[in-house]
Amino acid sequence: SRSLHRLECMISDGDKKCRCCVVEIGHAAGIIVILVMIPFSRLLSKKLESVQQELMKVKDKRINVTTETLEGIKLIKLQAWERSFLQRISGIRCDEVSVLRRYVYWQMLSSSAWDATPYLVSIISFAFFVIMGGHLTTSIAFTSNTLFF
């Protein structure tokens, strides 16, 4: 309520203070976007970490079976077990590719969130600036964009 009172006072005092107030609100909106993106990015990072751990387990399983196959290749050839070992390795590889797809999806989403943050900050800040009655000029836009990016 204190900041709202300050906002009302600044608007009623005159045009110059009103313009300053609108700029502050635009910057505040940008800061809010950043503060919202931090927990969102943390959530994405946690999910990415869990999928990466799952991926490492599947990779370890595939590498162990492949190593076991290579160590016992003589016995496998003598007993004609090639197909069963190939199916076993292929099944594990399919599981690995499935987890790898999920990992790449979450990694892409996480990277996109961080890459989009400066754009979201500038769009939201400019939108609030204009909605609150500010006049967006090129000097204001370019100066603000140097701060955003």
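On a predicted model such as this, the values are computed, not experimentally measured, just so you know. (Residues numbered from 1 in each chain as written. Predicted model: local features only at pLDDT ≥ 70, side-chain atom pairs only at ≥ 80, totals over all residues. Heavy atoms only, no water.)

Draft legend 1. Spatial organisation of the overall build of the protein. In terms of helices and strands, the protein carries five helices and zero strands. Going from N to C terminus, the protein has its helices and strands arranged as α-α-α-α-α. When burial is assessed residue by residue, the protein has 24% of its 149 residues classed as buried. Considering only contacts in the protein between residues 6 or more positions apart, those separated by 24 or more positions represent 68%. In the structure as shown, the protein presents an accessible area of about 10,800 Å², 64% of it carried by carbon and sulfur atoms. (Helix = DSSP H or I, 4+ residues; strand = E, 2+ residues; numbered from the N terminus. Buried < 20%, exposed > 50% of the residue type's maximum accessible area, 1.4 Å probe, protein only. Contact = heavy atoms within 4.5 Å. Areas by Shrake-Rupley, 256 points an atom, 1.4 Å probe, with all protein chains shown as cover.)

Draft legend 2. Quick look at the environment of Ile-124. For Ile-124, the position within the fold is in helix 4 (residues 82-131). Owing to a relative accessible area of 29%, Ile-124 belongs among the partly exposed residues under this scheme. Residues Ile-124 and Ala-28, 96 residues apart in the sequence, show an inter-C-alpha distance of 9.8 Å. The residues contacting Ile-124, other than those within four sequence positions of it, are Ala-29 and Val-33.

Draft legend 3. Structural detail: the environment of Ile-34. Mapped onto the elements of the fold, Ile-34 is located in helix 2 (residues 15-71). With sequence-adjacent residues up to four places away left out, Ile-34 is seen in contact with Thr-117 and Val-121.

Draft legend 4. Representation of the packing of aromatic side chains. Enumeration over the complete set of coordinates arrives at one aromatic pair. Between Tyr-105 and Trp-106, the aromatic rings sit 5.5 Å apart at their centres with planes inclined by 80°, giving edge-to-face as the arrangement. We classify Tyr-105 as partly exposed; its relative accessible area is 45%. (Phe/Tyr/Trp six-rings, centres within 6.5 Å; stacked < 30°, edge-to-face > 60°.)

Draft legend 5. Structural context of the nonpolar core. Within the largest apolar cluster, six residues are counted, these being Leu-48, Val-51, Leu-55, Val-58, Val-99 and Tyr-103. Those elements that provide at least two residues to this core are helix 2 and helix 4. When residues of this core are assigned to their parent elements, the largest contribution, four residues, is made by helix 2. When residues no more than four places from it in sequence are discounted, the contact partners of Leu-55 are Glu-96, Val-99, Leu-100 and Tyr-103. (Core = buried A, V, L, I, M, F, W, Y, C linked by side-chain atoms within 4.5 Å.)

Draft legend 6. Summary view of the pattern of salt bridges. All told, the structure shown has five salt bridges when counted by the stated rule. For Arg-93, the salt bridge identified is with Glu-96, shortest N-O distance 3.1 Å. Highlighted residues: Arg-93 and Glu-96, both in helix 4, separated by three residues, approximately one helical turn. Accessibility expressed as a relative area gives 36% for Arg-93, which makes it partly exposed. The exposure class assigned to Glu-96 is buried, which follows from its relative accessible area of 2%. In the salt-bridge network here, residues are joined through shared partners; they are Arg-62, Arg-93 and Glu-96. (Salt bridge = Lys/Arg side-chain N within 4 Å of Asp/Glu carboxyl O.)

Draft legend 7. Quick peek at helix 4. Over its 50 residues, helix 4 runs 70 Å from end to end, which matches the ideal 74 Å to within 8%, given 1.5 Å per residue. At Thr-117, helix 4 shows its maximal kink, close to 40°; a proline, Pro-118, follows between one and four residues later. Backbone geometry just downstream of helix 4 places Gly-133 in the positive-phi region, at approximately 100°. (Expected span 1.5 Å × (residues − 1). Bend = angle between axes of the 7 residues up to and from the residue.)

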